[in-house]
Amino acid sequence: PYTGPSAEEILAKRKEYLSPSLFHFFSKPLNVVDGKMQYLFDENGRRYLDGFGGIATVCCGHCHPDVVDAIVKQINRIQHSTVLYLNHAIADFAEALASKMPGNLKVVFFTNSGTEANELAMMIARLYTGCQDIISLRNAYHGNAAATMGATAQSVWKFNVIQSGVHHALNPDPYRGVFGSDGEKYAKDVQDIIDFGTTGHVAGFISEAIQGVGGIIELAPGYLPAAYGSVRKAGGLCISDEVQAGFGRTGNHFWGFETQGVVPDIVTMAKGIGNGIPLGAVVTTPEIAEVLTRRSYFNTFGGNPLCTAAGLAVLKVMEKENLQENALVVGSYLKKRLTELKDKYEIIGDVRGKGLMLGVELVTDRQQKTPAKAETLHVMEQMKELGVLIGKGGFYGNVFRITPPLCFTKEDAVPKKSRYEIRKKLVSRLILDFGQVVCAFGA
Ligand code: PMP
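Within any chain, residue numbers begin from 1 and follow the written order of that chain's sequence. The predicted origin of the model limits local features to residues at a pLDDT of at least 70 and limits the giving and counting of side-chain atom pairs to 80 or more, whereas totals for whole chains, interfaces and linings rest on all residues.

Q: Before we move on, could you go through the environment of Val161 and cite the residues and values that matter?
A: Strands are runs of DSSP state E lasting at least 2 residues, helices are runs of H or I lasting at least 4, and numbering of each runs from the N terminus. Tracing the chain through its elements places Val161 in the loop between helix H5 (146-151) and strand S6 (166-169). Here exposure depends only on C-beta density: within 10 Å of a residue's C-beta, 20 or more other C-beta atoms make it buried, 12 or fewer make it exposed, and intermediate numbers make it partly exposed, the C-beta atoms being placed from the backbone. Overall, Val161 belongs to the partly exposed group, with 17 C-beta atoms counted inside 10 Å. In this structure, the C-alpha to C-alpha distance between Val161 and Ala146, residues 15 residues apart in sequence, is 6.2 Å. When neighbours within four sequence positions are excluded, Val161 is seen to be in contact with Ala146, Met149 and Gly150. The contact criterion used is a C-beta to C-beta distance within 7 Å, with each C-beta placed from the backbone.

Q: Would you mind going over the sheet that holds strand S10 (residues 237-241) in detail, with residue names and values included?
A: What links the strands of a sheet is backbone hydrogen bonding, and the strands pair in either a parallel or an antiparallel sense. Spatial ordering of the open sheet is given by S4-S12-S11-S10-S7-S5-S6, a layout of 7 strands whose pairing is mixed. Strands with a single pairing partner mark the edges of an open sheet, and in this sheet they are strand S4 (107-111) and S6. If you compare each strand with its neighbour and ignore which way they point, the axes differ by 20° on average. Here S4 pairs with strand S12 (residues 280-284) via 5 bridges, running antiparallel. In the sheet register, Thr111 faces S12, and the bridge partner there is Gly280. Orientation is described by lines fitted to C-alpha atoms, with helices fitted over the stretch in contact, and by angles between N-to-C directions that extend from 0 to 180 degrees. Sitting on the sheet, helix H6 (residues 183-197) touches strand S5 (134-137), S6 and strand S7 (204-207), and the angle it makes with S6 is about 145°. By the convention used here, strands pair only if DSSP detects at least 2 bridges between them.

Q: Lay out the packing of helix H3 (residues 88-98) against helix H9 (residues 305-320) with the relevant residues and their values.
A: Relative orientation of the contacting elements H3 and H9 amounts to 35°, with a least axis distance of 8 Å. The hand of the H3/H9 crossing is left-handed. Between H3 and H9, the residues in contact are Ala89, Ile90, Asp92, Phe93 and Ala96 and Pro305, Thr308, Ala309, Gly311, Leu312 and Leu315, respectively. Residue type decides the class: Asp, Glu, Lys and Arg count as charged, Ala, Val, Leu, Ile, Met, Phe, Trp, Tyr, Cys and Pro as nonpolar, and the leftover types, Gly among them, as polar. By residue class, the composition of the contact of H3 with H9 is 8 nonpolar, 2 polar and 1 charged. By definition, turning the near helix anticlockwise from the far helix through less than a right angle yields a left-handed crossing, and turning it clockwise yields a right-handed one.

Q: Outline the site of the ligand, supporting the account with residue identities and numerical values.
A: In this entry, near means the residue's backbone-placed C-beta atom lies within 6 Å of the molecule or strand. In the vicinity of the ligand lie 14 residues, with Ser113, Gly114, Thr115, Gly143 and Val243 positioned nearest. Considering each element in turn, the shell around the ligand owes the most residues, 3 residues, to helix H4 (residues 114-129). By residue class, the composition of the shell around the ligand is 4 nonpolar, 8 polar and 2 charged.

Q: Tell me about H9, and please be specific about residues and values.
A: Spanning 16 residues, H9 covers 22 Å between terminal C-alpha atoms, matching the ideal 22 Å at 1.5 Å per step. Two residues or fewer past H9, Asn322 is found with a positive phi of approximately 50°. Expected span, for any helix, means 1.5 Å times one less than how many residues it has.

Q: Could you give an account of the sheet that holds strand S1 (residues 32-36), naming the residues involved and the relevant values?
A: Across the sheet, 4 strands lie side by side as S1-S2-S3-S16; this open sheet has mixed pairing. Here the strands that pair on one side only, and so sit at the sheet edges, are S1 and strand S16 (388-389). In the sheet, S1 pairs with strand S2 (residues 39-42) via 4 bridges, with the strands oriented antiparallel. Across the sheet, Lys36 pairs through a bridge with Tyr39, a residue of S2.

Q: Give a description of the pairing of strand S18 (residues 399-402) that names residues and reports values.
A: Side chains of S18 alternate between two faces, with Val399 and Arg401 and Phe400 and Ile402 buried alike. Summarising the sheet, strand S17 (residues 391-393) and S18 pair through 3 bridges and their orientation is antiparallel. Opposite Gly393, over in S18, you have Val399 as the bridge partner. Here S17 folds back onto S18 in antiparallel fashion, the turn holding 5 residues, of which Gly394 has a positive phi close to 90°.

Rendered as structure tokens:
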């Protein structure tokens, strides 16, 4: 049993010693002391089904024994920087990662976070092309350092960064966007930015295939092929940010960009790839990678043995346990059930996403699409009381993000009414709970 400080004591310390800008979910924040696969446990041993851990970094399950084992073995052996000396862990993981990539994407740079990966990717694009201009999408989140904060396009995440050389294109958002699901029409804005806002030459384009922080927005079909076409005609490189949508999460595909049938020039990733261990990566072609030989690129912990051993273990678990397939099967089922809820409850404006990257947007008026922000918060709190954790996102904070570890089972996604009634305190069936809670607003 847990014998550490209480939630209140931790909160008091946070208030005194940590950043005043830190925020937490829930009016009574959760003190998470243990994790096991798709479950989290609080200080009283109460179990919660983690419907959001995937995005927060866990890919194959909290404390997956194979990953823990790989980490412990490595830390007992050596943990160091791999910049100066040889070690097999970084080479083995790079090889395994490259084998998951299409085309000639086979050179890997390791970083410690998604921000660093995107910073590096944008710098590579600028070096390679000799241009500055980068196009990203409105509603995007790509990180919180200088270049990536510029590429991020939601005011809530922006400080007074110098917004140089980044243009934000119309977001191809099928639910709220002006052109509905017509990807090519939105892509025309990329061409317009190039024609009217640049010299006609650009460094590149960066986007996710499914926006995570932005509220699980699947870019309208046909968008990436058309946008990539315009960018490449202008000499730019196409960067796919796979920090959230990558690593099998979308079910049908291993990478988010594959859902749009494109092959980027640079791919970035982080979060789930280390199953909670700080690890990011940039993958590109040998030709593009060459630009970094002009100077020295140094990253003390990038690709260190501990993190890359974890990364390799994650890939092995994904294969051994068929987690991509599981994301497809369980995610499709979950989406079908959520869509059925939409038919029943007016407050659900949209259900979207792929695999185990799902979004449910709440609106108080379906015609006006008025964001139901307060209701979203309230439902999230109620779900937590029932023992189910889900996230939220979107510019208006009215989109549930359901992104569990990929080991989520149908058992978790599907309500079994009798068991639910017997064990109300240990609810582990998202749909039923969700439906019951949403019901309060649907009437
Ligand atoms: N890209 C995307 C799509 C993200 O969601 C995030 C984090 N929310 C980042 C980049 C930045 O990653 P990190 O927080 O590891 O720097």
